[in-house]
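Chain residues, written in single-letter form:
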Amino acid sequence: MALITLSPSLIPPPAGVDVNSAESLSKAIHLFEPRHFIMPFLAHAVGTLAGALAAYLIAASYKARIAFVIGVVFLCGGVAASFMIPAPAWFIALDLLAAYLPMAWLGLRLGDRMQQGSNGAREAAA
């Protein structure tokens, strides 16, 4: 949410567009350039990555499954958002294909490496 909140100050929307209003967005979506979709994509991808990584690190068992469940839950939110928030088809496709399940996979891979690293440090100390 922080990335979405910061987005207009980093990449200003087209003049006269209220990014907090779905009606304003739908009327002016044709004015948006690809750069205006960077922050929403990053928010979805980083949110999913952080959620999957946290779930992986916290879970006692079924770590990969739980990380992917987080990815699926975020994907469901992305599908719902694609119906509620106007956006070009290319962005919706990119968002749904690259921001959720791949980031969940990356989160579990990072979590696995983090845990392997901490286990190696513990063994070296012992």
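Look up: the structure comes first, before these words.
Per chain, residues are indexed from 1 in the order of the written sequence. For a predicted model such as this one, the threshold for reporting local features is a pLDDT of at least 70, and the threshold for listing and counting side-chain atom pairs is 80 or more; totals across whole chains, interfaces and linings nevertheless cover every residue. Only hydrogens and water are set aside when side-chain values are computed; all heavy atoms of the structure are taken into account.

Engineer: Before we go on, may I ask you to explain the side chain of Ser-24 in this structure?
Structural biologist: Relative to the helices and strands, Ser-24 resides in helix 2 (residues 22-28). Should any heavy atoms of two residues lie within 4.5 Å, those residues are considered in contact. With near-sequence residues (within four places) excluded, Ser-24 lies in contact with Gly-16, Val-17 and Asp-18. Secondary structure elements follow DSSP: runs of H or I no shorter than four residues count as helices, runs of E no shorter than two count as strands, and numbering proceeds from the N terminus.

Engineer: Help me understand the packing of helix 1 (residues 2-10) against helix 3 (residues 38-58), please; the structure alone is not making it clear to me.
Structural biologist: The relative placement of two packed helices comes down to the angle between their axes together with the axis-to-axis distance. Closest axis-to-axis distance for the helix 1/helix 3 pair is 9 Å, and the angle between their directions is 160°. When the axis of helix 1 is compared with that of helix 3, the two are roughly antiparallel. In the crossing of helix 1 with helix 3, the sense of the turn from one axis to the other is right-handed. Here Leu-3, Ile-4, Ser-7 and Leu-10 of helix 1 lie close against helix 3, whose contacting residues are Met-39, Pro-40, Leu-42, Ala-43 and Val-46. In the contact of helix 1 with helix 3, the residues fall into eight nonpolar, one polar and no charged. Lines fitted to C-alpha atoms define the axes, with helix axes restricted to the stretch in contact, and inter-axis angles between N-to-C directions lie between 0 and 180 degrees. Roughly parallel means an angle under 35 degrees; roughly antiparallel means over 145; roughly perpendicular covers 65 to 115; every other angle is labelled oblique. By convention, the crossing between two helices is left-handed when the near helix turns anticlockwise from the far helix through less than a right angle, and right-handed when the turn is clockwise. In this count, Pro and Cys sit with the nonpolar residues alongside Ala, Val, Leu, Ile, Met, Phe, Trp and Tyr, while Asp, Glu, Lys and Arg are called charged and the others, Gly among them, polar.

Engineer: In this structure, what is going on with the environment of Val-79? I would like to understand it.
Structural biologist: Mapped onto the secondary structure, Val-79 falls in helix 4 (residues 63-84). Each residue gets one of three labels from its accessible area relative to the maximum for its type: buried under 20%, exposed over 50%, partly exposed in between, using a 1.4 Å probe on protein chains only. Here Val-79 falls in the partly exposed class, since its relative accessible area comes to 33%. When the C-alpha atoms of Val-79 and Asp-112 are compared, they prove to be 28 Å apart, with 33 residues separating the residues in sequence.

Engineer: Explain the nonpolar core to me, please; I cannot follow it from the model alone.
Structural biologist: Residues Val-17, Leu-25, Ala-28, Phe-32, Phe-37, Phe-41, Ala-45, Leu-75, Phe-91, Ala-99, Tyr-100 and Met-103 constitute the largest nonpolar core, which totals twelve residues. The set of elements that each furnish at least two residues to this core consists of helix 2 and helix 3. Leave out the neighbours within four places in its chain, and Phe-41 touches Phe-91, Leu-94, Asp-95, Ala-98 and Ala-99. Among buried residues, those of type Ala, Val, Leu, Ile, Met, Phe, Trp, Tyr and Cys that are joined through side-chain atoms within 4.5 Å constitute a nonpolar core. Counting residues in hydrophobic clusters, the runner-up holds five residues, among them Ala-52, Tyr-56, Ala-67 and Ala-104.

Engineer: What am I meant to see in the pattern of salt bridges here?
Structural biologist: Note on definitions: salt bridges are taken to be side-chain nitrogens of Lys or Arg within 4 Å of carboxyl oxygens of Asp or Glu. This model, assessed by the stated rule, comprises two salt bridges. Ionic pairing is found between Arg-35 and Glu-33, a salt bridge with its closest N-O pair at 2.9 Å.

Engineer: Please clarify how the packing of aromatic side chains should be interpreted in this entry.
Structural biologist: Geometrically, a pair of aromatic rings is defined through the distance of the ring centres and the angle of the planes. Aromatic contacts are taken between Phe, Tyr and Trp rings whose centres are within 6.5 Å, Trp giving its six-membered ring; a plane angle under 30 degrees counts as stacked, one over 60 as edge-to-face, and the others as tilted. Scanning the entire structure with this criterion turns up four aromatic pairs. Between Phe-37 and Phe-91, the aromatic rings sit 5.0 Å apart at their centres with planes inclined by 35°, giving tilted as the arrangement. Separated by 54 residues along the polypeptide, Phe-37 in the loop between helix 2 and helix 3 and Phe-91 in helix 5 (residues 89-98) bring together distant segments of the chain. You can call Phe-37 buried: its relative accessible area is 8%. Accessibility expressed as a relative area gives 7% for Phe-91, which makes it buried. Residues Trp-90 and Phe-91 carry aromatic rings whose centres are separated by 6.1 Å and whose planes lie at 85° to one another, so their mutual orientation is edge-to-face. Feature note: the residues Phe-32, Phe-37, Trp-90 and Phe-91 constitute an aromatic cluster, connected by ring pairs. Note that Lys-63 overlies the ring of Tyr-56, its terminal NZ or CZ placed 5.3 Å from the centroid. Any Lys NZ or Arg CZ found within 6 Å of a ring centre and within 35 degrees of that ring's normal is scored as a charge over the ring.

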